[in-house]
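# Geometric and topological summary
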Amino acid sequence: MERCDGRKNDELRDVHMEVGVLKRADGSSYVEWGNNKVFASVYGPKEVIPRFLARNDKAILRCKYNMTPFSVEDRKRPGPDRRSIEIGKVTSGALEPAILVEDYPNSMIEIAIEIMQADAGTRCAGITAATLALVDAGIPMRDLVASCAAGKSNDEIVLDLCKEEDNSGQADVPIAIMPRSDDVTLLQMDGILTEDEVEEALKLAMSGCKTIYEMQKKALKVKYGG
Amino acid sequence: MERCDGRKNDELRDVHMEVGVLKRADGSSYVEWGNNKVFASVYGPKEVIPRFLARNDKAILRCKYNMTPFSVEDRKRPGPDRRSIEIGKVTSGALEPAILVEDYPNSMIEIAIEIMQADAGTRCAGITAATLALVDAGIPMRDLVASCAAGKSNDEIVLDLCKEEDNSGQADVPIAIMPRSDDVTLLQMDGILTEDEVEEALKLAMSGCKTIYEMQKKALKVKYGG
Amino acid sequence: MERCDGRKNDELRDVHMEVGVLKRADGSSYVEWGNNKVFASVYGPKEVIPRFLARNDKAILRCKYNMTPFSVEDRKRPGPDRRSIEIGKVTSGALEPAILVEDYPNSMIEIAIEIMQADAGTRCAGITAATLALVDAGIPMRDLVASCAAGKSNDEIVLDLCKEEDNSGQADVPIAIMPRSDDVTLLQMDGILTEDEVEEALKLAMSGCKTIYEMQKKALKVKYGG
Amino acid sequence: MLESIANIKRQYIVDLAAEGKRADGRNFDQYRDIKIIPNYLLKAEGSAYVEIGDTKVIVGVKYDVGTPFPDIPNQGVMTTSAEFAPMASPDFEAGPPGEDAIELARVVDRGIRESNAIDTDKLCIIPGEKVMIVFVDIQILDQDGNLIDACGIAAITALLTAKMRVYDEEGNPTEEFVPLPVNKTPVPCTMAKIGNSIILDPQMDEEMVLDSRITVTTDEEGNVVAMQKGMAGSFKLEEIMEAVAISKREGQKNREKIQKAISESE
Amino acid sequence: MLESIANIKRQYIVDLAAEGKRADGRNFDQYRDIKIIPNYLLKAEGSAYVEIGDTKVIVGVKYDVGTPFPDIPNQGVMTTSAEFAPMASPDFEAGPPGEDAIELARVVDRGIRESNAIDTDKLCIIPGEKVMIVFVDIQILDQDGNLIDACGIAAITALLTAKMRVYDEEGNPTEEFVPLPVNKTPVPCTMAKIGNSIILDPQMDEEMVLDSRITVTTDEEGNVVAMQKGMAGSFKLEEIMEAVAISKREGQKNREKIQKAISESE
Amino acid sequence: MLESIANIKRQYIVDLAAEGKRADGRNFDQYRDIKIIPNYLLKAEGSAYVEIGDTKVIVGVKYDVGTPFPDIPNQGVMTTSAEFAPMASPDFEAGPPGEDAIELARVVDRGIRESNAIDTDKLCIIPGEKVMIVFVDIQILDQDGNLIDACGIAAITALLTAKMRVYDEEGNPTEEFVPLPVNKTPVPCTMAKIGNSIILDPQMDEEMVLDSRITVTTDEEGNVVAMQKGMAGSFKLEEIMEAVAISKREGQKNREKIQKAISESE
């Protein structure tokens, strides 16, 4: 069975990445992933406000994921909803393992992800973009974090579901990894999968993450050379 | 005229009390009063946050009364409404006279009352439960606070209105007392009563409080012996 | 063409001012302007809370403009709406140039304007009232701030639009000035005006401000003599 | 520091009270001067400006048309809100009503509601579908003590003078207006307990040092329609009954002031 | 200071884990005692009280009638909320749900929703107009670790025992009640990674020092219906697959406990 | 400390201005480079990406169907909101729009509304019942000064390129789309007063030290359709009239840039 946009089962949508697109932010990036359009910014390390959140053993991460009102089919009310808050939280958990937070006690790193256009896979695009913004901000990292989803559509395990596949799909498994160690730092799943399908999907998603990883390195090279 | 549940005019509903039912809270209790199911907890004395609320002559009390969404016939939206806020305030005023707040300047005692099931008389059950939780938390007290309502139903002054009596009732007078001194620390009233009926209701409610007081002492004895 | 209330084009509505009408506020005033009824109060200079807003080179101004729920035809929900927040902001900007804020570093001056009855021109009445309250509070000022609007109605530039003129009107230009120097400290405009009409309206509004200025001085004299 | 100043002030007022005196020379059971201006506003359907001493409040009554509560389909709805404008006191903050403002509004509301002052049946336009919602909005201008009584007097005065639009049988608005159907004049009387003294109409300085507070709302027939103990502290049974007796007597006097002010304003 | 105490505690628990031990003597893949009381409440249409060790939660199910989402006009709606009452932990604050409460509610919700446990077609009263809204409200009483599993078990138990009012063809309520159409029993199993160990059902002290957390929700057919990695930290592919295997096995045991509790309560 | 650095910066910029110079070499009445990308987004019915120098904003236009205001039953509704995303500036906070975001949205809105740019009669679907609600949502990406002009240009560009669904006589949606009825191109021009100088299009550093700010919005006929003095400070009458003259002239240039960008994008 052919996929809605003619891709092969292990093929990503077109992905375009740009680093350092904003002036005010300490680090920033722009990612286009299929029809997703995502900006990410990083401010910090900076003073923790309010103070009582500070930790003397590491920097704290604050990650805000936001969808603009015009990013989706029916206008979304401005401001955070429960989905956005959850995604902000798991994104923070996906990025922290890669950041040398222990080098910046009593400080805070603020990450913002703004979805200008949403078309399935925004959280993966957001994590991918935020990683570029972290590097652009000069935050020292163990590895990049690359994110990608696999899913089940028409009874097959496929890479990087598009909107139509996501809507009618049988399962979606977004993950993020640190590619050098294959450590999985984001894992969510909804739908119905057998144990074997879970493993197949994870492996496929990890291969997708590695492709994304190469693109991230290339985008950083465009900006910083080397 | 017989009461809806066959009780005599000066008879309480079945009341069951348990002390020390939660692990994390410094003090806790559970009270079943007719069909009311109420948990109470106490944390403190602890640091006052935010700081500017602290007083150097006494501990401050913060009392949160909350009804769960499923405690009433029609689902209640989560979060405080105006009724809950008022009851939290009068509950705090009912308990403070019994607490040696002057022994703990610059500190805060937090009381939470959660109504799991509501069936008329939740504020009296809540004050009764909170008192047990305060003792369980080791907060030094002048006396226990025992609470009970009297009201007017079918033209008679009766003790401890049940839901049907409350809905069709002519007046409700919830009070709380420190039984050793007969000091009234909670007093509310709505409905229509003559001066004489007010006095009759107050006396009946005070006698109900004294029955509650004996049960409180018994419940504490079950937990702490003595 | 005659104006709705029979006024001449350069004629103000009846205006009545009173200084020092409240006990608790450091300064206060009451202004009736046509059917507008406006109270203003000033507290300060006082400690800045929260602290991080304090500036070591000047006092900060906080200005709250509020319409009571019963001030308008259809009941207004209590609490600030976007219009009130904007008017509070431009009012603050209209008053600050007249206040010797540099004499009170690390402090705060709080201004409250309460509209009890609204009938076109509330922001001008509010600025006029707030100025009287500032003087009443003993805040040192370079000059009074007098406010008045001009507008276009029935193709003519007229002073101080009333409600009917405002609703059907072609333009409204509320301004405030420091009359001694003719410095314009408030300027807003909506509607459609040619460049020449803008100038004509501004000049007419400035003349209205000067009439208001004389009334302000008189009201202060009634209170303070001199 | 602040607490020690408060303690000195407290001691002064307690000592005075022990001698049977008050700082402003009033008797224990005496109100400050009360000023009532009905129909204070044009845009509200009913309104009143009330002063008790230097305490100043305004109440406005507005209507809206809405749906009834399912369990009382043929009754209109009254809702009471209080706004503690930052104007009225250095202690008031802008923002959603705090617990003091909520308690105030609810105590005022309860007195009116429980006395059945408003004939809510007459606020029904089409049973189960359309009823009148009566908004009683309280605005505090100057907080110099005893807000409850000032607001309670202002609220019932505003309701007693309010006009209500008549709706035809199809539920459409007509141009006719009738008085709001208000049949009673419940009046709250608030007392403070300071040491062993019960004093009526506490002024701000007294309010700041009181041990406890009690409000008793009575109607013209001498019935008690609402009571509320406020703050910490406690009352003996006989003190409560004393408060009830004072409230019946002084509430009646205030009721007459309301009626006089209304009849003079007509 | 607080951090250094936490670090000492952490080291102790990590060292224990390295020796294959836990502070309370459990095996790595062992739950604490689980207590399930279905039909705990009268006023809720379905309810359950659940303890896992000292963690205590209550879930209540209520209905309302509302309009369906435009894109699924013939399906009812389930919505899950969690309240972290200040009672349950010194770290919980009153106020709108924080991100932890939101994540908890969404993970519980996802397991039920994605397993198609509720036959939402049967919650439709009049297509496109009137459907049942099922509210699953989670209340935490005592937070001693592993809220997700306690709440997940309580939520599905409450749903499995819930009664639903029958509506007639015109969409009017009848007096008849039938069980809520729940066809599956999805059960979440949560594990913590501490050092290199994967431990099931983390107790509070373990939760405070964990590196990462993983929840796998399975159904009775052994399918995985939801997964969630929580907190910072990371998992290897094989660790995830180990977690899946443990969840299938232990989830089935908990499912049997739920069924036993329900059948005993009837 | 922060204030003293600001004062040194301020003195530098004021001194420059006194010599007729700006830090980036522009003339007083000169805009930075302006980049306009219409139809920037797929999911919005209209959209534009605008850069003025390093200031970057995106505006999206979406519709919904709603009920008209009772007093204008046959007119659609436009509503403008601005979000100061924390991305755009270290000074922006997540949370509900602050007073700066509200003022920005209202000034942009006023220019469009007061110029009658949108023929709101044509947004009526069924008079008194169903009208189109046009949402103009402003998103700030990078705040490097003069947000008002960037957002004003982006908003009118997004509206000018927006498509609108056609509804049939019964008020049901058809599959036909027509351009949104926008007849005018109001353009705001914002100037800062620094010392005695009026400078157009203040860059962030200039904005931080300005004494006062003025925005004049003009239409293609040279009419003034909105004005707003912002911040503290003051203007002389002749300065206001100078600002009006500059706005007419430079607004026309920006209007041509908008039209060019739109025609190139088609």
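Look up a bit, the structure's there.
Residues numbered from 1 in each chain as written. Chains lettered and ligands numbered in written order. Predicted model: local features only at pLDDT ≥ 70, side-chain atom pairs only at ≥ 80, totals over all residues. Heavy atoms only, no water.

## A closer look at the pairing of strand β2 (residues 46-52) of chain D
Residue and element names in this part refer to chain D.
- With 7 of 7 residues buried, β2 lies mostly within the body of the structure.
- Of the two faces of β2, the one carrying Gly46, Ala48, Val50 and Ile52 and the one carrying Ser47, Tyr49 and Glu51 are both buried.
- Looking at chain direction, strand β1 (residues 34-38) and β2 are connected through 5 bridges and run antiparallel. Paired with Lys35 across the strands is Glu51, a residue of β2.
- Bridge count for β2 against strand β3 (residues 55-66) is 7 bridges, and the pairing is antiparallel. Each residue of the ladder has a partner; that of Gly46, found in β3, is Val61. (Buried < 20%, exposed > 50% of the residue type's maximum accessible area, 1.4 Å probe, protein only. Helix = DSSP H or I, 4+ residues; strand = E, 2+ residues; numbered from the N terminus. Pairing = 2+ DSSP bridges.)

## Describing helix α3 (residues 147-160) of chain E
- The terminal C-alpha atoms of α3(E), which comprises 14 residues, lie 20 Å apart, in line with the 20 Å expected from a rise of 1.5 Å per residue.
- For α3(E), the buried fraction is high: 13 of the 14 residues fall into the buried class. (Expected span 1.5 Å × (residues − 1).)

## A short note on the interface of chain D and chain B
- Each side of the interface is counted separately: chain D has 37 residues, and chain B has 35 residues.
- Summed over both partners, the interface of chain D with chain B buries about 3,100 Å², with 56% contributed by carbon and sulfur atoms.
- Among the salt bridges present, the one from B:Glu195 reaches D:Lys248, with a minimum N-O distance of 2.8 Å.
- Viewed at the interface, chain B and chain D are joined by 17 residue pairs in polar contact (both at pLDDT 80 or more).
- If one sorts the elements of the side of chain D that touches chain B by residue count, helix α2 (residues 99-114) of chain D sits on top with 9 residues.
- Residue composition of the side of chain D that touches chain B, by class: 17 nonpolar, 9 polar and 11 charged. (Contact = heavy atoms within 4.5 Å. Buried area = accessible area lost by both parts, 1.4 Å probe. Salt bridge = Lys/Arg side-chain N within 4 Å of Asp/Glu carboxyl O. Polar contact = N/O pair within 3.5 Å; in protein donor to acceptor, adjacent residues only side chain to side chain. Nonpolar A, V, L, I, M, F, W, Y, C, P; charged D, E, K, R; others polar.)

## A word on the interface of chain A and chain E
- In this assembly, 35 residues from chain A lie in contact with 37 residues from chain E.
- Here chain A packs against chain E, burying approximately 3,100 Å² in sum over the two surfaces, 56% of which is carbon and sulfur.
- In terms of surface lost to chain E, no three residues of chain A exceed A:Arg82, A:Lys89 and A:Leu187, which account for 23% of the buried area on that side.
- Put simply, A:Lys89 and E:Asp100 hold a salt bridge, and the shortest N to O gap is 3.3 Å.

## Things to note about the packing of aromatic side chains
- Within this structure, the stated rule accounts for 9 aromatic pairs over all chains.
- Each ring, one from D:Phe84 and one from D:Phe92, has its centre 4.3 Å from the other, and the planes form 20 degrees; the classification is stacked.
- Overall, D:Phe84 belongs to the buried group, its relative accessible area being 17%.
- Overall, D:Phe92 belongs to the buried group, its relative accessible area being 12%.
- Against the face of F:Tyr40 rests A:Lys37, its NZ or CZ located 4.2 Å from the ring centre.
- In this structure, D:Lys193 is placed above the aromatic ring of D:Phe235, and the distance from its NZ or CZ to the ring centre is 5.4 Å. (Phe/Tyr/Trp six-rings, centres within 6.5 Å; stacked < 30°, edge-to-face > 60°. Lys NZ or Arg CZ within 6 Å of the ring centre and 35° of its normal.)

Read these as spatial facts, not as claims about activity.
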